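# Topology and contacts: notes
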Amino acid sequence: MGLCNKSGAIKAICRGIAWLSVLLAVGCAPAERRTTKAGLTTVKPPVEPPTLSVDVQRDAGGITFTQHVPVPDQVRADYETALHMLEQAQYDQGIPLMVKVTEQAPALTAAHINLGIAYERTGDLDKAEASLWKALESNPHHPAAYNELGLVQRRKGEFAKARASYEAALTEFADFHYAHKNLAIVCDLYIGDYACALEHYEAYSRLVPDNTEVQKWIADVRNRKNKKEKP
């Protein structure tokens, strides 16, 4: 999808990730522990699992989000099958299977994010937003979830909320170049905050120096910002 500004330069609304892959640690949830003492059997509840973290790495190939989640083999297989279906735009089959994965492994943040992306691509923005909020419930520090949420909110015309979501993504991962670009576009084309737009176009340009098109956008914003500031 593209948007055209007054200078004629095309500014693509950048999703950031096509689909989110995740590193899964195969295993099962901890079982109840039973101990016997003096002929009596007591049941100790399972130990609460630690908060799941996301490792973020950025290199020349892009951004990799890694989440270590203990899941059974079948859930892992279903996740990979659903992801493949969504990559092939087989939404009628992929979405129900990904829903099943989220029900069986609610802590698997990537499944909620991918479900949100799928709903967004099929035009169901309310379900997309709901899935992304569930992703943030399972992991409130996931930058990709905030970035995707911002895209959905922008499509719904909720530009202030979209801005806040992109800013939250950058709080979690300051070098998230897609979030810089998306935030700059929202500030530029929808909110009219040229200072914000310039800051984040420049940040994106520093992180992605090979993108020469963004230099045109920076020059255009500076020009409009200077005209606005002149008495």
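## Looking at the overall build of the protein
- When you go through the protein residue by residue, the secondary structure sums to 9 helices and 8 strands.
- Residues classed as buried in the protein amount to 46% of the 231 residues present.
- For the protein, the share of sequence-separated contacts (at least 6 apart) that also reach a separation of at least 24 residues comes to 55%.
- For the protein, the accessible surface area stands at approximately 12,200 Å², while carbon and sulfur atoms represent 52% of it.

## Describing helix α8 (residues 194–207)
- For α8, which comprises 14 residues, the first-to-last C-alpha distance of 20 Å matches the rise-based estimate of 20 Å (1.5 Å per residue) to within 8%.
- Taken across its 14 residues, α8 has 10 buried, putting it largely inside the fold.
- Of the residues flanking the start of α8, the one acting as N-cap is Asp193, its side-chain oxygen 3.4 Å from the backbone nitrogen of Ala195.

## Details of the nonpolar core
- In this structure, Tyr79, Met98 and Tyr201 are the most contacted members of the largest nonpolar core, which totals 57 residues.
- At 7 residues, the largest contribution of residues to this core is made by helix α3 (residues 109–121).

## Side note on the packing of helix α7 (residues 177–191) against α8
- The geometry of α7 relative to α8 is characterised by a closest axis approach of 8 Å and an angle of 155° between their N-to-C directions. With respect to α8, the element α7 is oriented roughly antiparallel. Like other packed secondary-structure pairs, α7 and α8 cross with a definite hand, here left-handed. Each of His177, His180, Lys181, Leu183, Ala184, Ile185, Cys187 and Asp188 in α7 lies in contact with α8, whose residues at this interface are Tyr194, Cys196, Ala197, His200, Tyr201, Ala203, Tyr204 and Leu207.
- Taken together, the residues of the contact of α7 with α8 break down into 11 nonpolar, 3 polar and 2 charged.

## A few points about the packing of aromatic side chains
- Evaluated as defined, the whole model comprises 4 aromatic pairs.
- Arranged with centres 6.4 Å apart and planes meeting at 85°, the rings of Phe176 and Tyr178 form a pair that is edge-to-face.
- With centroids separated by 5.6 Å and ring planes inclined at 55°, the aromatic side chains of Tyr201 and Trp217 adopt a geometry described as tilted. Separated by 16 residues along the polypeptide, Tyr201 in helix α8 and Trp217 in helix α9 (residues 213–229) bring together distant segments of the chain.
- For Trp217, a relative accessible area of 2% gives the class buried.
- Here a set of aromatic residues connected by ring pairs shows up, and it is made of Phe173, Phe176 and Tyr178.

## Things to note about α7
- If you check α7, its first and last C-alpha atoms are 20 Å apart, about what 15 residues at 1.5 Å a residue would give, namely 21 Å.
- All of the buried residues along α7 are His177, Ala179, His180, Lys181, Asn182, Leu183, Ala184, Ile185, Val186, Cys187 and Asp188.
- Looking one or two places after α7, you find Gly192, whose phi comes out positive at around 80°.

## Focus on the confidence of the model for the protein
- Of the residues in the protein, 73% reach a pLDDT of 70 or more, and the chain-wide mean stands at 81.
- Contacts of residues 1–14 to residues separated by more than four positions or lying in other chains number 40 contacts, the stretch itself having pLDDT below 50.

## A short note on the state of the cysteines
- Enumeration over the complete set of coordinates arrives at 1 disulfide.
- One disulfide bridge connects Cys187 with Cys196, the sulfur atoms lying 2.1 Å from each other. Linking Cys187 and Cys196, the disulfide has an S-S dihedral of approximately 60° and is accordingly described as right-handed. Comparing Cys187 with Cys196, the two get one shared label, buried.

The rules behind the values
- Residues numbered from 1 in each chain as written.
- Predicted model: local features only at pLDDT ≥ 70, side-chain atom pairs only at ≥ 80, totals over all residues.
- Heavy atoms only, no water.
- Helix = DSSP H or I, 4+ residues; strand = E, 2+ residues; numbered from the N terminus.
- Buried < 20%, exposed > 50% of the residue type's maximum accessible area, 1.4 Å probe, protein only.
- Contact = heavy atoms within 4.5 Å.
- Areas by Shrake-Rupley, 256 points an atom, 1.4 Å probe, with all protein chains shown as cover.
- Expected span 1.5 Å × (residues − 1).
- Polar contact = N/O pair within 3.5 Å; in protein donor to acceptor, adjacent residues only side chain to side chain.
- Core = buried A, V, L, I, M, F, W, Y, C linked by side-chain atoms within 4.5 Å.
- Axes fitted to C-alpha atoms, helices over the stretch in contact; angles between N-to-C directions.
- Parallel < 35°, antiparallel > 145°, perpendicular 65-115°, else oblique.
- Left-handed = near helix turned anticlockwise from the far one by under 90°.
- Nonpolar A, V, L, I, M, F, W, Y, C, P; charged D, E, K, R; others polar.
- Phe/Tyr/Trp six-rings, centres within 6.5 Å; stacked < 30°, edge-to-face > 60°.
- pLDDT = per-residue confidence, 0-100.
- Disulfide = S-S within 2.5 Å.

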